[in-house]
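Below, each chain spelled out in residue letters.
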Amino acid sequence: MRQPLVIIGGYLTGPSDFVNLAQALEAAPYNYDVSITPISRLRWAITRDWDFRPVINHLRDTVQQALERSGAEKVTILGHSVGGSVARMYLGEEAYCGEIYAGRRYVQRLIMLGTPHHSIEYWTRTSVSFINDTYPGAFYPEIHYTSVVGSAIQGNPKGNIVERMSSSSYRRVSGPQADYAWGDGVTTLECAALSGAEFLVVPELTHSPFHGQPWYGEPAGLPLWDRVL
């Protein structure tokens, strides 16, 4: 029986962004039964910080479908960017906007790629605060948490276009002191660290294709972080 793995993308991604990665994970030597959570770019665009239930619901349904198809009892979740934050909410047993998901029953591993765990960014700070207050760190001991972050780009407000964009992103998630921080182009190393979780820094990886190759969803980058699978 192949082990099920569920991919959930980050803000403004779409399922098509992860098709190549899914195919690589389904092939040898990985041999996972991969499902991609069907969250469209539009769905992300209209989702607001105070209510992530629409995307959590997609993740919940995809996990259940993966379990039914595979016959397994638990899945591995692979969350890109804020998808990792959504997964942490899905695991929880406390009410979120009136909903209790308790997904911890169905998850054995949570691998997060470039997830900003301590973001002060406007679009996620309310939910990130809820997660960290309610489920701090690697909260459930039976689940193996891993946080992977690329360190391909140092921010520089006076550098090239990618360095300037990265510096702006780092400032939004980690504050003005992060202008010259290292990260993947969106998430700083400091922001990606989660207490109690396995932590892997990969020098070559970027957050998205707009920041350079390879990015987290690019099969060419998979050998750089596949040791955590």
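Residues numbered from 1 in each chain as written. Predicted model: local features only at pLDDT ≥ 70, side-chain atom pairs only at ≥ 80, totals over all residues. Heavy atoms only, no water.

Peer 1: Explain the packing of helix α4 (residues 82-91) against helix α5 (residues 125-134) here, please?
Peer 2: α5 packs onto α4 with a crossing angle of 45 degrees between their chain directions and a minimal axis gap of 10 Å. When the axis of α4 is compared with that of α5, the two are oblique. α5 is crossed by α4, and the crossing has left-handed handedness. Along its contact with α4, which presents Ser85, Arg88 and Met89, the element α5 presents Ser127, Phe130, Ile131 and Asn132. Of the residues belonging to the contact of α4 with α5, the class tally is three nonpolar, three polar and one charged. (Axes fitted to C-alpha atoms, helices over the stretch in contact; angles between N-to-C directions. Helix = DSSP H or I, 4+ residues; strand = E, 2+ residues; numbered from the N terminus. Parallel < 35°, antiparallel > 145°, perpendicular 65-115°, else oblique. Left-handed = near helix turned anticlockwise from the far one by under 90°. Contact = heavy atoms within 4.5 Å. Nonpolar A, V, L, I, M, F, W, Y, C, P; charged D, E, K, R; others polar.)

Peer 1: Explain the layout of surface pockets to me, please; I cannot follow it from the model alone.
Peer 2: Left-over empty space is what a probe sized like a water molecule reveals as it rolls over the atoms. Each pocket or cavity is described by its volume, and for the largest pocket that value is around 700 Å³. In this structure, the largest pocket is lined by 29 residues; those nearest its centre are Tyr11, Leu12, Ser81, Val186 and His207. Listed by contribution, the elements that provide at least two residues to the lining of the largest pocket are α2 (41-46) and α6 (161-174). Residue composition of the lining of the largest pocket, by class: 13 nonpolar, 10 polar and six charged. (1 Å grid on protein atoms, 1.4 Å probe; cavity = no way out; pocket = protein on both sides within 12 Å on 5 of 7 lines; lining within 4 Å. Points joined across faces, edges and corners; volume = space filled by probe spheres on them.)

Peer 1: Any chance you could explain the packing of helix α3 (residues 53-70) against α4 here in plain terms?
Peer 2: It is the contact of α3 with α4, at a shortest axis distance of 10 Å, that shows an interaxial angle of 70 degrees. With respect to each other, α3 and α4 are oriented roughly perpendicular. Together, Val55, Ile56, Leu59, Arg60, Val63 and Gln64 of α3 and Val86, Ala87, Met89 and Tyr90 of α4 make up the contact between the two elements. Here the contact of α3 with α4 is built from residues that sort into eight nonpolar, one polar and one charged.

Peer 1: Would you take a moment to explain the sheet that holds strand β3 (residues 75-80) for this structure?
Peer 2: As a general point, the strands of a sheet are linked pairwise by backbone hydrogen bonds and lie either parallel or antiparallel. With parallel pairing, six strands are arranged side by side in an open sheet as β2-β1-β3-β4-β5-β8. This sheet does not close on itself; its edge strands, each paired only once, are β2 (33-36) and β8 (198-202). In this sheet, neighbouring strand axes are inclined to one another by 20 degrees on average, regardless of whether the strands run parallel or antiparallel. Where strand β1 (residues 4-8) lies against β3, four bridges are found, and the strand directions are parallel. (Pairing = 2+ DSSP bridges.)

Peer 1: Teacher, can you tell me more about the nonpolar core here?
Peer 2: Generally speaking, soluble globular proteins have nonpolar side chains that are buried together. Core analysis: the largest hydrophobic core is formed by 31 residues, its most contacted members being Phe52, Leu59, Ile77, Val86, Tyr90 and Tyr145. If you list the elements that add at least two residues to this core, you get β1, α3, β3, α4 and β4 (107-113). With near-sequence residues (within four places) excluded, tyrosine 145 lies in contact with Leu91, Leu110, Met112, Gly137, Ala138, Phe139, Tyr140, Leu194, Ala197 and Glu198. (Core = buried A, V, L, I, M, F, W, Y, C linked by side-chain atoms within 4.5 Å. Buried < 20%, exposed > 50% of the residue type's maximum accessible area, 1.4 Å probe, protein only.)

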